[in-house]
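Each chain is listed here by its residues.
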Amino acid sequence: QVQLVESGGGLVQAGGSLRLSCAASGRTFSSAGMGWFRQAPGKEREFVAAISWSGGSTYYTDSVKGRFTISRDNAKNTVYLQMNSLKPEDTAVYYCAASKYYSGTDPRRFGSWGQGTQVTVSS
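Rules and cut-offs
- Residues numbered from 1 in each chain as written.
- Predicted model: local features only at pLDDT ≥ 70, side-chain atom pairs only at ≥ 80, totals over all residues.
- Heavy atoms only, no water.
- Helix = DSSP H or I, 4+ residues; strand = E, 2+ residues; numbered from the N terminus.
- Rg over C-alpha atoms; globule rule 2.2 N^0.38 Å.
- Buried < 20%, exposed > 50% of the residue type's maximum accessible area, 1.4 Å probe, protein only.
- Contact = heavy atoms within 4.5 Å.
- Areas by Shrake-Rupley, 256 points an atom, 1.4 Å probe, with all protein chains shown as cover.
- Lys, Arg positive; Asp, Glu negative; His and termini not counted.
- Charge placed at Lys NZ, Arg CZ, Asp CG, Glu CD.
- Phe/Tyr/Trp six-rings, centres within 6.5 Å; stacked < 30°, edge-to-face > 60°.
- Lys NZ or Arg CZ within 6 Å of the ring centre and 35° of its normal.

Student: For the overall build of the chain, give the residues involved together with the corresponding values.
Tutor: Scanning the chain from terminus to terminus reveals zero helices and eleven strands. Scanning the chain from its N terminus toward the C terminus, one meets helices and strands in the order β-β-β-β-β-β-β-β-β-β-β. Over its C-alpha trace the chain gives a radius of gyration of 13 Å, about what one expects of a compact globule, namely 14 Å for 123 residues. Put simply, the chain has 123 residues, and 46% of those count as buried. Residue pairs at least 24 apart in sequence account for 57% of intrachain contacts in the chain once pairs closer than 6 positions are excluded. A total of about 6,300 Å² of accessible surface is found on the chain, and carbon and sulfur atoms cover 47% of it. Of note, the chain has its 13 positive side-chain charges centred 6 Å away from the centre of its 8 negative side-chain charges.

Student: Any chance you could break down the packing of aromatic side chains for me, citing the residues and the numbers?
Tutor: Inspection of the entire model under this criterion finds five aromatic pairs. Between the aromatic rings of Phe110 and Trp113, the centroid separation amounts to 6.4 Å while the plane-to-plane angle is 65 degrees, which identifies the pairing as edge-to-face. Through a chain of ring-to-ring contacts, the aromatic side chains of Phe37, Phe47, Tyr102, Phe110 and Trp113 assemble into a single cluster. Its end group placed over the ring of Tyr95, Arg45 keeps NZ or CZ at 3.9 Å from the ring centre. Across the ring face of Trp113, the terminal group of Arg45 is positioned such that the distance to the ring centre comes to 4.7 Å.

Student: Give a detailed account of the environment of Ser7, specifying residues and quantitative values.
Tutor: Of note, Ser7 is situated in strand 1 (residues 3-7). C-alpha separation for the pair Ser7 and Gln118, spaced 111 residues apart in sequence, amounts to 9.0 Å. Not counting residues up to four positions away in its chain, the partners in contact with Ser7 are Arg19, Leu20, Ser21 and Thr117.

This is the structure we're talking about:
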């Protein structure tokens, strides 16, 4: 089981940027698919971005393409989400997730989750 801790959330004005980090413990991080999900008040958790174990494949939901970038540093056991041109509709709690064999959009296939970090974008 991979233990995950997110950081980097906060309050930012529309058009601003934030970089989220997700630090993982455990020797299996370098072989795990990683994902970022978010959940706004009153809404279901939704997929944001994912990256394969090698970093060679990345996936994004349409609403963040061209604005968000997912990356990972396996030497540091850390995955990042660089968020640019933020919009008020990006406001949510952002969660990092890990999967032993999967790096796609389905949250049910991620077995490890962090506690979440709040991102608030003001207009």
